[in-house]
Amino acid sequence: VTPALYHYQLQIATDSNFTSLVYDQNDLATSEFTVPTDLPANTTYYWHVRSFNAIDGTLGWSPTWSFRTALTPPVLVSPVQDEHLFTLRPTFDWDEVAGATGYTIQVSASSNFATIANTSNPATSTYTPAANLPRGKLYWRVRASGANGPSAWSEARSYQGPYPPATPT
């Protein structure tokens, strides 16, 4: 007969040897645990658990598992929301994301990005398209790539591309 479980101990660390503990929770009454505070982005964590019976006996730790927190999404810098531009090849700029090894930028004529006018994978946090983008209102967004990525998409912003001049009368 297996003794009834009394409690669990859970450890979460930033290294697989558990020398840098983030959490060491003992006396957990259930087999579920939610980390009470947000963990830093772009980090790999290791965890294991062990159970104790009513007389505090244990058979040791479970196998070690890992999880990672995602990269943070980029913060867009320019063009700013609804800016009127005078070029079909604007320079897009966003804040660098710590740990990012590259980015994906999308430009679309639709706010839901159902159709993509341009997509590219720049290595840095700026991008100028090699070819002209469509005229009119366009939307753009960026996500970071890396070992713990890709990130979620940034907010989407719109800008106004140049319109042809009016027909002379």
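So, a few notes on the structure that sits alongside this text. Every chain's residues receive numbers from 1 upward, in the order its sequence appears when written. Given that this is a predicted model, residues contribute local features only at a pLDDT of at least 70 and side-chain atom pairs are listed and counted only at 80 or more, while totals for whole chains, interfaces and linings are drawn from all residues. Think of the side-chain values as coming from all heavy atoms in the structure, minus any hydrogens and water.

## Focus: unusual backbone geometry
Piece 1. Backbone torsion omega between Ser78 and Pro79 reads 5°, so that peptide bond is classified as cis.
Piece 2. Numbering goes from the N terminus for both helices and strands, where a helix is a DSSP run of H or I of at least four residues and a strand is a run of E of at least two. Among the secondary structure elements, Pro79 is positioned in the loop between strand S5 (76-78) and strand S6 (83-84).
Piece 3. With a phi close to 65°, Asp27 is a non-glycine residue in the positive phi region.
Piece 4. Residue placement: Asp27 occurs in strand S2 (residues 21-28).

## A word on the nonpolar core
Note that soluble globular proteins tend to have their nonpolar side chains buried in a common cluster.
Piece 1. Counting 16 residues, the largest nonpolar core has Phe92, Trp94, Ile105, Val107, Trp140, Val142 and Tyr159 as the members making the most contacts within it.
Piece 2. If you list the elements that add at least two residues to this core, you get strand S7 (92-94), strand S8 (102-108) and strand S11 (137-145).
Piece 3. The greatest single-element share of this core, amounting to 4 residues, is contributed by S11.
Piece 4. Note on definitions: a residue-residue contact is assigned when non-hydrogen atoms from the two residues lie within 4.5 Å. Ignoring anything within four residues of it in the chain, the contact list for Val107 reads Phe92, Ile116, Ala117, Asn118, Leu133, Leu138, Tyr139, Trp140 and Tyr159. Remark: nonpolar core denotes a set of buried residues (Ala, Val, Leu, Ile, Met, Phe, Trp, Tyr, Cys) joined through side-chain atoms within 4.5 Å. Whether a residue is buried, partly exposed or exposed follows from its accessible area with a 1.4 Å probe, protein chains only, as a fraction of its type maximum: under 20%, in between, or over 50%, in that order.

## Some points on the side chain of His7
Piece 1. Residue position: His7 is located in strand S1 (residues 5-13).
Piece 2. The exposure class of His7 is buried, given its relative accessible area of 6%.
Piece 3. Contacts described as polar in this section are N or O atom pairs within 3.5 Å, which, within protein, must combine one atom able to donate a hydrogen with one able to accept it, while residues neighboring in sequence count only if both atoms come from side chains. Within the structure, the side chain of His7 is placed 3.3 Å from the side chain of Asn26, a separation counted as a polar contact.
Piece 4. In this structure His7 touches Asn26, Asp27, Leu28, Arg50, Ser51, Phe52 and Asp56, once residues within four positions along its chain are discounted.

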